[in-house]
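# Reading the structure
Now for the letters of each chain:
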Amino acid sequence: MTHALTDTLVLTGRSLRHVFRSLDTIITVTLMPIAFMLLFVYVFGGAIRTGTDNYVDYLLPGILLIAIASGISYTAYRLFIDVSTGIFERFHSMPIAHSAVLWAHVVTSVVANMISVAVIIVVALIMGFRSGAGILAWLAVVGLLLLFTVTLTWIAAIAGLSAKTIDGASAFSYPLIFLPFVSSAFVPTSTMPTVVRVFAQYQPVTPLVDAIRALLAGQPVTSDSLVALAWCVGITVIAYVFAMRAYRRRVSHT
């Protein structure tokens, strides 16, 4: 176990160096959600009725999830590059824990996405975002965002290990980026047409958005948090199983 952890940390350092040497990755992932936030707050915000005095407070949870969904596409991209350039073969010829190769990409994804989330929160504060959350509520928010990142990262691992082209490795994230738009992230689901409302209410992003929004507002924890946890844990387990299966197929071919 110690050997595997050490190998994971070393390979994570390698992946993070690639990320920080090419900061345009984090900048690109961060700029799009910030642009959405600026657009919806300053252009559409005056026409949207959410029952809150400050629209950026309502909007921020969905923007954070969009940023994470955008960022994990780069995990699939980096995995695909490692597979297609033969780095996997080189690593598997070395005396290292083979699982560390995959876990390093997962940890790198978490670190890179949390940096993007922190930058977006700073911009939101400049735009007027204010939170009544205490330290425990903020820790709960960070925990939910971390869990959401890990969930999507294992989905990204499946794409990165299974895709035939770079475009295919990255394209899987588009539906994930779209999900917050059909949720309670931008407007209350009660304002939507019946079919759209039913989908929005029962898809995984809505309870996650509602839970984060309630925590940031300093409101009591509701069943949304439990539903969000159930969705994330369930999807993570399934994605992990399929990702490891795809990983073993790749390893068997090396």
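For the structure itself, consult the block above.
Please read these numbers as outputs of a predicted model, since none were measured by experiment.

### Some thoughts on the side chain of serine 70
- Structurally, the position occupied by serine 70 is in helix α3 (residues 55-84).
- Under the relative-accessibility criterion, serine 70 is labelled buried at 7%.
- Those residues in contact with serine 70, other than ones at most four positions away along the chain, are Val29, Met32 and Ile177.

### Focus on helix α2 (residues 24-44)
- For α2, with 21 residues, the first-to-last C-alpha span of 28 Å sits near the 30 Å given by 1.5 Å per residue.
- If you check which residues of α2 are buried, you get Thr25, Ile26, Val29, Thr30, Pro33, Ile34, Met37, Phe40 and Val41. Along the axis of α2, the buried residues cluster in a sector spanning 155°; they form a single face. Turned more than 90 degrees from where α2 packs its buried face, Leu31, Tyr42 and Val43 sit exposed.

### Some remarks on the pattern of salt bridges
- Tallying each qualifying case throughout the model produces 2 salt bridges.
- Between arginine 14 and aspartate 82 there is a salt bridge whose closest N-O contact spans 3.0 Å. Of the two residues, arginine 14 sits in helix α1 (residues 2-21) while aspartate 82 sits in helix α3, which places them 68 residues apart along the sequence.
- Accessibility expressed as a relative area gives 6% for aspartate 82, which makes it buried.

### A few points about a nonpolar patch on the surface
- Side chains of Trp103, Val233, Val237, Ile238, Tyr240, Val241 and Phe242 sit close together on the surface and give an oily, nonpolar patch of about 620 Å² of accessible area.
- With 6 residues, helix α11 (residues 223-252) is the single largest residue contributor to the nonpolar patch.
- Within the secondary structure layout, phenylalanine 242 lies in helix α11.
- On the basis of relative accessible area, phenylalanine 242 is assigned to the partly exposed category, the value being 44%.

### Considerations on the packing of α2 against α3
- At a minimum axis separation of 9 Å, α2 and α3 run at an interaxial angle of 155°. With respect to α3, the axis of α2 lies roughly antiparallel. Handedness of the α2/α3 crossing: right-handed. Across the interface between the two elements, Thr25, Thr28, Val29, Met32, Pro33, Phe36, Met37, Phe40 and Val41 of α2 pack against Tyr55, Val56, Leu59, Leu60, Ile63, Ile66, Ala67, Ser70, Gly71, Tyr74 and Arg78 of α3.
- Tallied by class, residues from the contact of α2 with α3 come to 15 nonpolar, 4 polar and 1 charged.

Each value, and the rule that gives it
- Residues numbered from 1 in each chain as written.
- Predicted model: local features only at pLDDT ≥ 70, side-chain atom pairs only at ≥ 80, totals over all residues.
- Heavy atoms only, no water.
- Helix = DSSP H or I, 4+ residues; strand = E, 2+ residues; numbered from the N terminus.
- Buried < 20%, exposed > 50% of the residue type's maximum accessible area, 1.4 Å probe, protein only.
- Contact = heavy atoms within 4.5 Å.
- Expected span 1.5 Å × (residues − 1).
- Arc of directions from axis to C-beta.
- Salt bridge = Lys/Arg side-chain N within 4 Å of Asp/Glu carboxyl O.
- Patch = residues over 30% accessible without salt bridge, like charges linked within 9 Å, V, L, I, M, F, W, Y side chains within 5 Å.
- Areas by Shrake-Rupley, 256 points an atom, 1.4 Å probe, with all protein chains shown as cover.
- Axes fitted to C-alpha atoms, helices over the stretch in contact; angles between N-to-C directions.
- Parallel < 35°, antiparallel > 145°, perpendicular 65-115°, else oblique.
- Left-handed = near helix turned anticlockwise from the far one by under 90°.
- Nonpolar A, V, L, I, M, F, W, Y, C, P; charged D, E, K, R; others polar.

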